[in-house]
Amino acid sequence: RSECDADSTAYAIHAMKDLGESSIQREITWLGQNAESTEERAIYYSLTKDSSTESWLINNQATEGYWAKNALAVSNIPDILSTSIAARNSPDTQKLKAEGWLKNNFESSASGNFGTIKETAASLQIFSKEKIEPLISSKGLIKASSGKNTTIKFSNNGLLTTNISITLSNSNQQAQINSFSE
């Protein structure tokens with residue numbers, strides 16, 4: 001047991017539960033006795049809905065909406081990964097505060113540098129699909145001969161239906177495509 005660490009155990013139990021493993025109660029109990037970090041406690045809470053762990057998560061969320069790696073009394077340095085994991089596994093009020101903090105910090109990172117890929121991916125998981133705006137990008141210009149028909153195919157690989165409005169330059173024509181999904 002001295003070779004076990006709570007961080008690895010937390011993620012392993014979480015994965016086992018997602019795979020339908022039911023005989024993990026002993027491991028969950030061990031995690032509850034050994035969880036120290038925000039991530040470990042958040043995963044433990046997601047597995048048990050333990051009221052004392054819920055209280056810890058509520059009491060250790062900064063008023064701005066983030067969590068630190070450990071209790072606020074130990075460190076009040078915001079941690080993207082801890083905030084993302086805790087928010088994903090916390091009651092709705094805490095989740096909304098964390099979403100606000102993550103969104104504000106993501107948008108204000110002018111350099112586009114919002115932590116590591118792992119931190120960014122974890123933070124995006126807490127937003128519901130309704131809160132993620134559709135994005136369409138074009139990789140170039142389309143050249144069409146005057147007086148001839150041109151076909152342009154758009155593919156919607158996203159989760160949401162996307163409405164598209166196209167305005168043709170140097171023309172009075174406008175096309176609207178509603179409820180586009182593939």
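Look up a bit, the structure's there.
Quick caveat: nothing in here was measured; it's all calculated off a predicted structure. Chains are numbered independently. Their residues run from 1 in the order of the written sequence. With the structure being a predicted model, the display of local features is reserved for residues of pLDDT at least 70 and the display and counting of side-chain atom pairs for 80 or more, all residues being used for whole-chain, interface and lining totals. Hydrogens are left out, water is left out, and the side-chain values use all remaining heavy atoms of the structure.

Chemist: Outline the overall build of the chain, listing residues and values.
Modeler: Under the DSSP-based scheme used, a helix requires at least four consecutive residues in state H or I and a strand at least two consecutive residues in state E, with every element numbered from the N terminus. Each helix and strand counted, the chain has seven helices and two strands in total. The order of α-helices and β-strands along the chain, N terminus first, is α-α-α-α-α-α-α-β-β. Taken across its 182 residues, the chain has 33% of its residues classed as buried. Throughout, a contact is declared for two residues whenever any of their heavy atoms are within 4.5 Å. Taking the contacts inside the chain whose residues are at least 6 apart along the sequence as the reference set, 48% of them involve residues at least 24 apart. Accessible surface for the chain amounts to roughly 12,600 Å². Of this, 48% is attributable to carbon and sulfur atoms. When accessible area is computed with a 1.4 Å probe and restricted to protein chains, residues below 20% of their type maximum are described as buried, those above 50% as exposed, and intermediate ones as partly exposed. To measure how exposed things are, a 1.4 Å probe is used in the Shrake-Rupley method; for residues, cover is taken only from the protein chains shown.

Chemist: An account of the packing of aromatic side chains is requested, with residue identities and associated values reported.
Modeler: In summary, the pairing rule links any two rings of Phe, Tyr or Trp, Trp by its six-membered ring, whose centres are within 6.5 Å, and it sorts them by plane angle into stacked for under 30 degrees, edge-to-face for over 60 and tilted for everything else. The tally for this structure, following the rule as stated, stands at one aromatic pair. Between Tyr66 and Trp101 the ring centres are 5.6 Å apart and the planes differ by 50 degrees, which places this aromatic pair in the tilted class. In this pair, Tyr66 sits in the loop between helix H4 (51–59) and helix H5 (80–88) while Trp101 sits in helix H6 (residues 92–108), placing the two residues 35 residues apart along the sequence. Trp101 carries the same exposure label as Tyr66, and that label is buried.

Chemist: Before we move on, could you go through the nonpolar core and cite the residues and values that matter?
Modeler: Think of a nonpolar core as a cluster: buried Ala, Val, Leu, Ile, Met, Phe, Trp, Tyr and Cys residues, connected wherever their side-chain atoms sit within 4.5 Å. The biggest cluster of nonpolar side chains holds 29 residues, and the ones touching the most others in it are Ile13, Ile28, Leu31, Leu47, Leu57 and Trp67. Elements supplying a minimum of two residues to this core: helix H1 (6–18), helix H2 (25–34), helix H3 (38–48), H4, H5 and H6. Leaving out residues up to four positions away in the same chain, Leu47 has contacts with Ile13, Lys17, Ile28 and Leu31.

Chemist: I'd like a rundown of the packing of H3 against H5, residues and numbers included.
Modeler: Where H3 contacts H5, the two axes come as close as 8 Å, and the packing angle between them is 10 degrees. Between H3 and H5, the crossing angle belongs to the class labelled roughly parallel. Seen from H3, the contacting residues are Thr38, Glu39, Ala42 and Ile43; seen from H5, they are Leu81, Ser82, Ile85 and Ala86. Residue type decides the class: Asp, Glu, Lys and Arg count as charged, Ala, Val, Leu, Ile, Met, Phe, Trp, Tyr, Cys and Pro as nonpolar, and the leftover types, Gly among them, as polar. Of the residues that constitute the contact of H3 with H5, the class distribution is five nonpolar, two polar and one charged. Simply put, an axis is a line fit to the C-alpha atoms, just over the touching stretch for a helix, and the angle between two N-to-C directions goes from 0 to 180 degrees. Put simply, angles under 35 degrees are roughly parallel, angles over 145 are roughly antiparallel, angles from 65 to 115 are roughly perpendicular, and the rest are oblique.

Chemist: Give me H1: which residues, what numbers.
Modeler: To estimate the expected span of a helix, subtract one from its residue number and multiply by 1.5 Å. The end-to-end C-alpha separation of H1 is 18 Å, in line with the 18 Å expected for 13 residues at 1.5 Å each. Those residues of H1 not exposed but buried are Ala6, Thr9, Ala10, Ile13 and His14. Viewed end-on, H1 has its buried residues packed into an arc of 130 degrees, placing them on one side of the element. Tucked into the core, H1 has its buried residues touching H2 and H3. If you check the start of H1, you find a side-chain oxygen 3.2 Å away from the backbone N of Asp7, and it comes from Asp5. Each C-beta atom gives one direction from the helix axis, and the arc is the one those directions make. Polar contacts, as used here, are pairs of N or O atoms within 3.5 Å; protein pairs need one atom able to donate a hydrogen and one able to accept it. Residues neighboring in sequence count only if both atoms are side-chain atoms.

Chemist: Explain the side chain of Thr53 to me, and be specific about the residues and the numbers.
Modeler: With respect to the element layout, Thr53 can be found in helix H4. For Thr53, a relative accessible area of 9% puts it in the buried group. Once residues lying within four places of it in the same chain are set aside, the contact partners of Thr53 are Arg41, Tyr44 and Tyr45.

By themselves, these observations are geometric and do not establish any function.
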